[in-house]
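Notes for the structure review
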Amino acid sequence: MSISFFKYQGAGNDFILINDTEKQFPENDHKLIQKLCDRRFGIGADGLMLLRDSCGKDFTMLYFNADGHEGTMCGNGGRCLVKFAKDCGHISKKRDIVFYAVDGEHLANILNDGSVSLQMKNVRGVAKKGNGWGLDTGSIHHVEYVDNLVDMDVYRRGKALRAHNMYAPNGCNVNFIQIDENGNIMIRTYERGVENETLACGTGAVASAIVHHYNGNKKEEYTIKARGGILRVRFDHVEGEYRNIWLEGPATFVFKGVWENG
């Protein structure tokens with residue numbers, strides 16, 4: 001089987017993108033997806049996405065984690081797929097792009113500098129969980145403040161929290177944050193499905209901004225400094241609900257190729 005693919009990244013969060021409007025990709029072949037995402041024996045990526053047609057919308061996003069299984073919403077992945085849809089000619093417009101993902105309908109805009117702004121689902125609850133806070137931003141996240149983000153063992157601590165019984169049965173993504181001298185949120189994330197630290201996480205960036213706001217740090221826009229780049233988050237807080245949430249950042253083409261599955 002020959003598979004034409006494109007590689008994109010959003011703040012270091014990297015993805016294999018496939019134009020699958022004819023539905024030829026074997027989406028139930030979890031071992032194949034896992035192999036494609038493998039960084040030593042495959043193409044290498046945090047996840048894989050299929051671009052498909054959608055009735056009444058610009059396209060449908062089908063997202064798989066690096067473990068080969070379909071995942072929950074991926075914010076940086078969604079932004080990259082918007083850029084890919086424009087680059088490959090599936091859509092011609094740059095604004096008011098509407099697509100369907102696993103958590104529902106999303107709106108997106110491609111900005112003049114090539115970055116992509118994506119509207120996320122509303123968030124209705126933030127709950128205290130151990131030493132941090134839990135919330136659902138399209139994916140379940142745990143957010144915890146730390147004093148020394150640079151030197152901490154994100155893999156070990158993230159792995160333990162990811163499978164903690166307070167997030168049973170499906171676990172969570174884990175974000176450790178520290179506030180710098182300018183009030184920006186520095187973040188490191190352990191991602192469920194990747195089962196390792198990633199260089200950025202869009203839904204995690206949104207979760208961290210909301211938790212910071214929830215703890216009394218009110219701003220019009222939050223700058224999130226991930227290891228792979230900078231993301232920005234803004235939202236409205238109305239009657240205890242976070243609405244009109246926007247995630248903005250880079251979405252960059254890396255390379256394209258053909259996988260020959262012999």
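I will try to describe carefully the structure that is included in this document. (Residues numbered from 1 in each chain as written. Predicted model: local features only at pLDDT ≥ 70, side-chain atom pairs only at ≥ 80, totals over all residues. Heavy atoms only, no water.)

1. Brief notes about the pairing of strand β12 (residues 185–191)
Counting buried positions along β12 gives six out of seven residues, so the element sits mostly inside the fold. Of the pairings in the sheet, the one linking strand β11 (residues 173–179) to β12 comprises six bridges and is antiparallel in character. Counterpart to I179 in the pairing with β12 is I185. Hairpin geometry of β11 and β12 is characterised by an intervening segment of five residues between the two adjacent antiparallel strands and by a positive phi of about 85° at G183. Direction of pairing for β12 relative to strand β14 (residues 222–226): parallel, over a ladder of two bridges. Bridge assignment links I185 to a residue of β14, and that residue is I224. (Buried < 20%, exposed > 50% of the residue type's maximum accessible area, 1.4 Å probe, protein only. Helix = DSSP H or I, 4+ residues; strand = E, 2+ residues; numbered from the N terminus. Pairing = 2+ DSSP bridges.)

2. Thoughts on unusual backbone geometry
What is expected of a backbone is that most residues other than glycine have negative phi and most peptide bonds are trans. A cis amide bond links A168 to the next residue, P169, at an omega of 5°. By the secondary structure assignment, P169 is in the loop between α3 (154–162) and β11. Even without glycine at this site, K23 takes up a positive phi of about 55°. Structurally, K23 is set in the loop between β2 (13–19) and α1 (30–37). In the Ramachandran plot, D96 falls in the positive-phi region, its phi being about 55° despite a non-glycine side chain. You can see D96 is positioned in the loop between α2 (75–87) and β5 (97–101).

3. Re the pairing of strand β4 (residues 59–65)
Counting buried positions along β4 gives seven out of seven residues, so the element sits mostly inside the fold. If you look at the hairpin formed by strand β3 (residues 47–52) and β4, you'll find six residues sitting between the two strands, and G56 has a positive phi there, around 85°. As paired strands, β4 and β5 are joined by two bridges and run parallel to one another. Its bridge partner lying in β5, T60 is registered against Y100. With respect to chirality, the unit in which β4 leads through α2 into the neighbouring parallel β5 is right-handed. (Right-handed = clockwise from strand over helix to strand, strands pointing away.)

Geometric descriptors of this kind do not, in isolation, establish any biological role.
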